[in-house]
Amino acid sequence: MTLSSARSAVRAGVLTAALAALLCTAATTESVASAESPSARPAAVQADVPAGVTAGVAVFDRRTGTFTEQLNTSAQFRSASVVKLLIALDVLWNRSPDALSAADRARIDTMLRGSDDAAASTFWSNNGSGAIVDRMVTRLGLTDTARPPSTHPGYWGYTALSARDTVKIYRHLLDSAPAATRDYVLGGLRQSTRCATDGYDQHFGIAGSFNRPWAVKQGWSGFSSGGCTAPAAAAAKAGTAEGGASAGEPAGTAAPAPAGADAVDLSRPALHTTGLVGEGDRSIVAVFTLHPGGTSYGKAYTDIGRLTRSLNVPGASRPAGTWVGTWGSGVRVRTQATTTSGAITTLPAGVEVLVGCQKRGQQVSQPPYVNDWWAQLPQYGGYMTNIYLSVPENQVPGVPVC
């Protein structure tokens, strides 16, 4: 019996039962055509929301001035780091980016690009905490946005936000904000780093579903591990990522929370993707999601990716490749098809990845499996061993050889 056939025999009994039960990963693949135009696919009647997920979705086509997707657009979600858009705009209100101190400019840069929590907490504490949200609600005419509930006044990540209000925020940036502010804020969002400063992989949703150009501000809350390699300074707070508790509260008594703010769900894991897609920032996309308690980051990352890919987003270009589930934790993406080459990042456990092609490389052993095939991941610019792909053979069916 050949190694490949022996491995298949093992997987028939082991992979289906053990991996499906133990790792909770779907062994499915999904092929995507390259640079797919909106006209090449039928308009979605409604966003395809994965089972168990609660979602609020809005997609606005700036060219036609119409929504192509609307689902629970007024539903309030805890914002997680999406509120950093309002924090940044408040700092810049009636002030040019050039007028910022070097320290504040550095904080906004890392807050927008790397979703830095410490920077957000500094602005939150120094600029009035919930009053920041109150000011921005009035300035932008937001209807569903509210400061954190009265039980958590210091947690900026618990600000209530909806999909339709998020569209209003981006429309303000694009159409009403001074050009210097628009270019500065969107420039930061266009430079979103894959690994956030707290060690979470933040290129899910919009960033994973569409080719550039895009600009994104993501949010996550309620997860314990998010892939990448957390800096030593951030590792200690990984368990409360994006919670947003400030180190201290400003003097005085907080104003009462607006009606409805105290009812926002603070318990279920939250994952949000928001931003601009396409040439000329044609589409504004806002996807807010809540997941069942105990959902892993990789599972939520995969679910919001599938939801975002189902949307009708005018001007979007979709990356070519095949989406494949993975299993295992601590799986590294490397510069070459060897375990000795440099590690680019670590995948969130059980996440779906886009495979562009595959080739033979260093043989890897993970008993009872042995595999010398490696998958090229175009969105990471590197390779992972096929041994951690949820497919029954050494090679991924239908994926070309590099």
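Our subject is the structure listed above.
Now for a look at the structure at hand. Keep in mind that what you see is a predicted model, and the values were worked out from it rather than measured.

On a regular strand, one side chain projects to one face of the sheet and the next to the other, so that they alternate. Counting buried residues along strand β6 (residues 214–221), eight of its eight residues qualify, which places the element largely inside the surrounding structure. Covered by surrounding structure in β6 are W214, V216, Q218 and W220 together with A215, K217, G219 and S221, the residues of both alternating faces. Two elements, β6 and strand β7 (residues 270–277), share eight bridges in a ladder whose sense is antiparallel. Looking at β7, one finds that Q218 is bridged to T273.

At their nearest, the axes of helix α2 (residues 84–92) and helix α4 (residues 117–126) sit 10 Å apart, and the two run at 50 degrees to each other. For the element pair α2 / α4, the angle class is oblique. Crossing of α2 over α4 shows left-handed handedness. Across from K84, I87 and V91 in α2, the residues of α4 making contact are D117, A120, F123 and W124. Here the contact of α2 with α4 is composed, by residue class, of five nonpolar, no polar and two charged.

Below, the discussion takes up unusual backbone geometry. For the bond from R212 to P213, the omega torsion is 10 degrees, close enough to zero to count as cis. Tracing the sequence through the fold places P213 in the loop between α8 (206–209) and β6. With an omega of 10 degrees, the peptide bond running from P367 to P368 counts as cis. Within the secondary structure, P368 is located in the loop between β13 (357–366) and β14 (369–377). Backbone geometry at A80 places phi at a positive 50 degrees, although glycine is not the residue there. In this fold, A80 is placed in the loop between β4 (77–78) and α2. Phi at N94 takes a positive value of approximately 60 degrees, unusual for a residue other than glycine. Relative to the helices and strands, N94 is located in the loop between α2 and α3 (102–113). Taking the relative accessible area as the measure of exposure, N94 reaches 77% and is therefore exposed.

The next thing to look at is the nonpolar core. L311, M384 and L389 are the most contacted members of the largest nonpolar core, which has 50 residues in total. Beyond its immediate sequence surroundings of up to four residues, M384 is in contact with T326, V331, R332, L347, V353, W374, A375, L377 and L389.

Relative to the elements of secondary structure, G330 occurs in the loop between β9 (321–324) and β10 (332–334). Residue G330 is classed as partly exposed on the basis of its relative accessible area of 40%. Residues G330 and T346, 16 residues apart in the sequence, show an inter-C-alpha distance of 5.9 Å.

Counted by the stated rule, this structure contains one cavity of 30 Å³ or more. Put simply, the largest cavity is a space of about 110 Å³. The wall of the largest cavity is formed by 16 residues, among which G208, Y301, W323, E352 and Q379 lie closest to the centre. For the lining of the largest cavity, the secondary-structure elements that each account for two or more residues are α8 and α10 (297–309). Considering every element that reaches the lining of the largest cavity, the biggest residue donor is α10, with four residues. When its residues are assigned to classes, the lining of the largest cavity shows six nonpolar, seven polar and three charged.

As a further point, take the side chain of T73. Structurally, T73 is set in the loop between β3 (66–71) and β4. Excluding residues within four positions of it along the chain, T73 makes contact with V57, A58, D144, S162, A163 and R164.

Take the state of the cysteines next. Using the criterion set out here, one finds two disulfides in the structure. Shown here is the disulfide that connects C195 with C228, its sulfur atoms set 2.2 Å apart. Classification of the bridge connecting C195 and C228 rests on its S-S torsion, roughly -95 degrees, and on that basis the disulfide is left-handed. With C195 in the loop between α7 (179–190) and α8 and C228 in the loop between β6 and α9 (232–235), this pair connects stretches of sequence that are 33 residues apart. What pairs with C357 in a disulfide is C402, and their sulfur atoms sit 2.0 Å apart. The sign of the 95 degrees torsion about the S-S bond sets the C357-C402 disulfide as right-handed.

Under the defined criterion, the tally for this structure stands at twelve aromatic pairs. Measuring from ring centre to ring centre gives 5.8 Å for Y200 and W220, while their planes differ by 20 degrees; the resulting arrangement is stacked. Taken together, the positions of Y200 in the loop between α7 and α8 and W220 in strand β6 put the pair 20 residues apart, joining distant regions of the chain. Linked through ring pairs, Y200, F204, W220, F223, Y297 and Y301 together constitute an aromatic cluster. Positioned above the aromatic ring of Y380, the side-chain terminus of R194 is 3.8 Å from the ring centre. Sitting over the face of the ring of W323, R309 holds its NZ or CZ atom 4.0 Å from the ring centroid.

Rules and cut-offs
Residues numbered from 1 in each chain as written. Predicted model: local features only at pLDDT ≥ 70, side-chain atom pairs only at ≥ 80, totals over all residues. Heavy atoms only, no water. Buried < 20%, exposed > 50% of the residue type's maximum accessible area, 1.4 Å probe, protein only. Helix = DSSP H or I, 4+ residues; strand = E, 2+ residues; numbered from the N terminus. Pairing = 2+ DSSP bridges. Axes fitted to C-alpha atoms, helices over the stretch in contact; angles between N-to-C directions. Parallel < 35°, antiparallel > 145°, perpendicular 65-115°, else oblique. Left-handed = near helix turned anticlockwise from the far one by under 90°. Contact = heavy atoms within 4.5 Å. Nonpolar A, V, L, I, M, F, W, Y, C, P; charged D, E, K, R; others polar. Core = buried A, V, L, I, M, F, W, Y, C linked by side-chain atoms within 4.5 Å. 1 Å grid on protein atoms, 1.4 Å probe; cavity = no way out; pocket = protein on both sides within 12 Å on 5 of 7 lines; lining within 4 Å. Points joined across faces, edges and corners; volume = space filled by probe spheres on them. Disulfide = S-S within 2.5 Å. Phe/Tyr/Trp six-rings, centres within 6.5 Å; stacked < 30°, edge-to-face > 60°. Lys NZ or Arg CZ within 6 Å of the ring centre and 35° of its normal.

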